Amino acid sequence: MASRRSALTAIGRQFRPLLDGWGNALATLAILVTACVLLPGVFEWSILRADWQPDAERCRALLGTGACWGVIVEKYPLILFGRYPFDQHWRPALACGLLLAALWLAGSGRLRVRPALALLSGALLGFLALLHGGGFGLPIVDSQLWGGLPLTLLLATGGMAGALPLGILLALGRRSRLPLLRSCCAFYIELVRGVPMISVLFVAAFLFPLFLPDRAGGSALWRVLPAIVGFAAAYLAEVVRGGLQSVPAGQGDAAAALGLSRWQCLRHVILPQALRAALPALVNTFIGLFKDVSLVTVVSLYELTGALTLALSGDAQWRAFYLEGYLFIGLIYWLGCLALSNFGRRLERRLQYSSRDC
Amino acid sequence: MRRPFAEFRRHASSRAFCYQLLVAGLALALVWLLVEQTGAELRTRGIRSGFAFLFEPAGFSIGESVLDFDAAQPYWRAFLVGVLNTLRVALAAIVLATVLGLCLGACSLTRNVLLRGLCRAYVEVFRNIPLLLQLLTWYFLLAEKLPSADAALNPLPGVFLSKSGLAFPWGGEVPAAGDFGIAGGGAVTPEFLALLLGLSGYGAAYLAEIVRAGILSVPRGQVDAAAALGMTPLQGLRAVVLPQALRLMIPPATNQFLNLTKNSSLAVAVGYPDLVSIANTSLNQTGQAAECISILMAVYLGLSLLTAAATGWYNRRQLRRGH
């Protein structure tokens, strides 16, 4: 009897945080009631009455009562790869796989810094070569036809890869003792951070053609990528500056006392520590960039979001099923960001444990 | 033996001077090259330059506007309408996001597992999906899935929600359904509503994290002390914890408010006539890209500086009151 009672108390204790006090109990009740009202509807719409067949007739009959996942089944090549030639879709698929695998391997902590960087740049070059073609019997695909997930990945990783060195230079420039250099860097950083990304993309789309009038290499992608690099560099510069500030001044003095030149001191003592301290914030910036790249759809580059609009707006049969498409892309972005932030958290823990092995 | 180069290398100040001269020369050369190149390109394309176009009639109308505006009015007035529209939606979204963010941040620290889980889930979902996608989804839901104006939803007396937007009591007037749709009271378009919901939903997720970190930074003893004085948890939060947490929350929150204002530029994707949309239209009509983009950037920079100054003032006042 006694043991049964204690078991009951134990169960009761489990619920105490939920029911302790009036406000608390009321909140629990409100959440449960709302869930009971909403969840069956959501479940019914998304699963019970949903249709997976790519059949527009059946989907239209379902409109309003059930989800039509058939639109994804029907349109996923267009959503994922944009206007890339249909019979060549294995190329962007392979390229994305390659890049993601390289990113995963470089982030797993099994490689030291230099091999990881080499792997990443090799993967990025392979990615470009595979998309562009021209060798090994692969037909050339113009960069204007690139779209969907590969474009998102290219703009995010390429933007980050270009922005990191530029950001480091800007951060060093902003801490320089030379007043002119310092103010130039500070001006650039504050200017870019003060304006929205769309205005930078407008500069790329409307002003770059005026600066560089030869329209030969003038595909939109190669104008937008430098703009993204310039935009991200300003944010990275502030992140790196934070890292530089966290390195104690004694480190520089000690390096100087050992007879290291200023460049050697920077290269071997200051920067490794500063970048290590800035790594979590760098990952956050990368997550932000990954999401912000979706804005290039405003200047007619069809990355994931733009490719979805491209796939559905031109097709009267499927135009009514945007919601399912948005949910699909939202899931891709969400999983990507979740993976990245998990990676960031792991990195932070690892850095806390080991402060050797650079 | 004198070695002039080595001496130069050792002489830090002259070296610094030369480097700076080099930087200045490079920067000037770059600017000169760009201006020259752009000028030549504009001449060959037959596009004029300068801000004279601002005083010519705009020739387009604007869907919603605080000022009255028609196509015969000059460009500068169109830009002004755009700025006001940007401010209108940004301010409304900041207020809404702050309220929502405070609730979410406070709720994610309660003992109630259900409530806490719900708030954490909200933050994880809304922070990790691009704002553009959220805006497009809201706009699709509001403009396509809602009933049309003659069958408007009427959730509260005097509040009508339909494809043509939200009507609500305003200025002592209550909207009513008539023969020509809903008339009277205040009304906002679905574009405004989608932007407002998207911006505040996204901003609230970030603000919730700031609020949470701010509250967590207040030592646990303060909460216990408030409880020992007989305060309820809500009283303790309002009178003891929040005032202390606020000081830590202000700088990152300011940053978020600025981000939110800059993010309102995504209005162009749902067709809300904010500054970016107006600049985009003017740019396409006049071809004067450099001028339109520089106005755009100048306004946002000005807003950034203003917000920074305002929060700096508030921050100083808060710090002074804290002592």
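Residues numbered from 1 in each chain as written. Chains lettered and ligands numbered in written order. Predicted model: local features only at pLDDT ≥ 70, side-chain atom pairs only at ≥ 80, totals over all residues.

A closer look at the overall build of chain A
Reasoning step 1: What chain A contains, in helices and strands, is 14 helices and zero strands.
Reasoning step 2: Ordered by position from the N terminus, the helices and strands of chain A form the series α-α-α-α-α-α-α-α-α-α-α-α-α-α.
Reasoning step 3: A globule of 358 residues ought to have a C-alpha radius of gyration of about 21 Å, yet chain A, at 26 Å, is considerably larger.
Reasoning step 4: Looking at the 358 residues of chain A, the share that counts as buried comes to 34%.
Reasoning step 5: A sequence separation of at least 24 residues applies to 68% of the contacts in chain A between residues at least 6 apart. (Helix = DSSP H or I, 4+ residues; strand = E, 2+ residues; numbered from the N terminus. Rg over C-alpha atoms; globule rule 2.2 N^0.38 Å. Buried ≥ 20, exposed ≤ 12 C-beta atoms within 10 Å, placed from the backbone. Contact = placed C-beta atoms within 7 Å.)

With respect to the overall build of chain B
Reasoning step 1: In terms of regular secondary structure, chain B is built from eleven helices and six strands.
Reasoning step 2: In terms of overall size, chain B is more extended than a compact globule, its C-alpha atoms giving a radius of gyration of 26 Å where 323 residues would be expected to give roughly 20 Å.
Reasoning step 3: Counting only C-alpha atoms and orienting by the principal axes, one finds that chain B spans roughly 85 × 60 × 35 Å.
Reasoning step 4: Evaluated residue by residue, chain B yields a buried proportion of 35% over its 323 residues.
Reasoning step 5: Restricting the contact set of chain B to residue pairs at least 6 apart, pairs at least 24 apart contribute 58%.

Description of the sheet that holds strand β1 (residues 153-156) of chain B
Residue and element names in this part refer to chain B.
Reasoning step 1: Spatially, β1-β2-β3-β6 is the arrangement adopted by the four strands of the open sheet, whose pairing is antiparallel. Because the sheet does not close on itself, it has two edges, and the strands there are β1 and β6 (186-188). Across the sheet, the axes of successive neighbouring strands diverge by a mean angle of 20 degrees, strand direction being ignored.
Reasoning step 2: Bridge analysis of strand β3 (residues 165-168) against β6 gives three bridges, and the strand direction is antiparallel. In the strand pairing of β6, leucine 166 is matched with valine 188. (Pairing = 2+ DSSP bridges. Axes fitted to C-alpha atoms, helices over the stretch in contact; angles between N-to-C directions.)

Focus: the pairing of strand β2 (residues 159-162) of chain B
Residues and elements named next belong to chain B.
Reasoning step 1: Sheet topology note: the β1/β2 ladder contains two bridges and is antiparallel. Within the sheet, the bridge partner assigned to leucine 156 lies in β2 and is valine 159.
Reasoning step 2: In this structure, the hairpin formed by β1 and β2 is closed by a connection of two residues, where glycine 158 is found at a positive phi of approximately 90 degrees.
Reasoning step 3: With three bridges joining them, β2 and β3 adopt antiparallel strand pairing. Opposite phenylalanine 160, over in β3, you have alanine 167 as the bridge partner.
Reasoning step 4: If you look at the hairpin formed by β2 and β3, you'll find two residues sitting between the two strands.

A few points about the confidence of the model for chain B
All names here are of chain B.
Reasoning step 1: Averaged over all residues, the pLDDT of chain B is 84; the fraction at 70 or higher stands at 95%.
Reasoning step 2: Ranking the elements of chain B by mean pLDDT puts helix α1 (residues 4-10) last, at 58, and helix α6 (residues 190-217) first, at 92.
Reasoning step 3: Predicted as a complex, the structure gets a pTM of 0.86 and an ipTM equal to 0.86. (pLDDT = per-residue confidence, 0-100.)

Focus: the nonpolar core
Reasoning step 1: Within the largest apolar cluster, 164 residues are counted, with the highest numbers of intra-cluster contacts made by A:Leu201, A:Ala232, B:Leu135, B:Leu195 and B:Leu296.
Reasoning step 2: Among the elements that take part in this core, α6(B) stands out by supplying 15 residues, more than any other.
Reasoning step 3: If we ignore the near neighbours within four places in the chain, the residues touching A:Leu201 are A:Val224, A:Ala227, A:Leu295, A:Val296, A:Val298 and A:Val299. (Core = buried A, V, L, I, M, F, W, Y, C linked by C-beta atoms within 7 Å.)

What about the environment of B:Leu319?
Reasoning step 1: In this structure, B:Leu319 sits in helix α11 (residues 289-322).
Reasoning step 2: Spatially, the C-alpha atom of B:Leu319 lies 41 Å from that of B:Ile278, the residues being 41 residues apart in sequence.

A short note on the interface of chain A and chain B
Reasoning step 1: Of the residues lining the interface, 37 residues belong to chain A; the matching set on chain B comes to 40 residues.
Reasoning step 2: Contributions of two or more residues to the side of chain A that touches chain B are made by α1 (2-19), α2 (22-48), α8 (179-194), α9 (197-211) and α14 (322-353) of chain A.
Reasoning step 3: Of the residues that constitute the side of chain A that touches chain B, the class distribution is 28 nonpolar, seven polar and two charged. (Nonpolar A, V, L, I, M, F, W, Y, C, P; charged D, E, K, R; others polar.)

Here's the deal with the environment of A:Pro280
All names here are of chain A.
Reasoning step 1: Turning to its location among the elements, proline 280 is positioned in helix α12 (residues 262-292).
Reasoning step 2: For proline 280, a count of 16 C-beta atoms within 10 Å translates into the label partly exposed.
Reasoning step 3: Between the C-alpha atoms of proline 280 and proline 139, which are 141 residues apart in sequence, the distance is 41 Å.
Reasoning step 4: Those residues in contact with proline 280 that lie beyond four places of it in its chain are Gly344, Leu347 and Glu348.

What about the confidence of the model for chain A?
For residues with low pLDDT, the predicted coordinates do not support detailed interpretation.
Reasoning step 1: For chain A, the mean per-residue pLDDT works out to 83, and 91% of the residues sit at or above 70.
Reasoning step 2: Here α1(A) stands out as the least confident element of chain A, with mean pLDDT 61; helix α7 (residues 149-174) of chain A is the most confident, with 92.

Topic: α12(A)
Residue and element names in this part refer to chain A.
Reasoning step 1: The first and last C-alpha atoms of α12 sit only 37 Å apart over 31 residues, clearly below the 45 Å expected at 1.5 Å per residue.
Reasoning step 2: A maximum bend of about 55 degrees is found in α12 at leucine 279, where proline proline 280 lies one to four positions downstream.
Reasoning step 3: Along α12, the positions that sit buried rather than exposed are Ala274, Ala278, Leu282, Val283, Thr285, Phe286, Ile287, Leu289, Phe290, Lys291 and Asp292. (Expected span 1.5 Å × (residues − 1). Bend = angle between axes of the 7 residues up to and from the residue.)

Overview of helix α10 (residues 220-246) of chain A
Reasoning step 1: Taking 1.5 Å as the rise per residue, α10(A) with 27 residues should run 39 Å; its terminal C-alpha atoms sit 39 Å apart, in good agreement.
Reasoning step 2: A maximum bend of about 25 degrees is found in α10(A) at A:Ala234.

Observations regarding the packing of helix α5 (residues 90-107) of chain A against helix α6 (residues 113-132) of chain A
Residue and element names in this part refer to chain A.
Reasoning step 1: As a packed pair, α5 and α6 sit with axes 9 Å apart at the nearest point and diverge in direction by 175 degrees. Classed by the angle they form, the pair α5 and α6 counts as roughly antiparallel. Where α5 abuts α6, its residues Arg91, Pro92, Leu94, Ala95, Leu98, Leu99, Ala102, Leu105 and Ala106 lie against Ala116, Leu119, Leu120, Ala123, Leu124, Gly126, Phe127, Leu130 and Leu131.
Reasoning step 2: Broken down by class, the residue content of the contact of α5 with α6 amounts to 16 nonpolar, one polar and one charged. (Parallel < 35°, antiparallel > 145°, perpendicular 65-115°, else oblique.)

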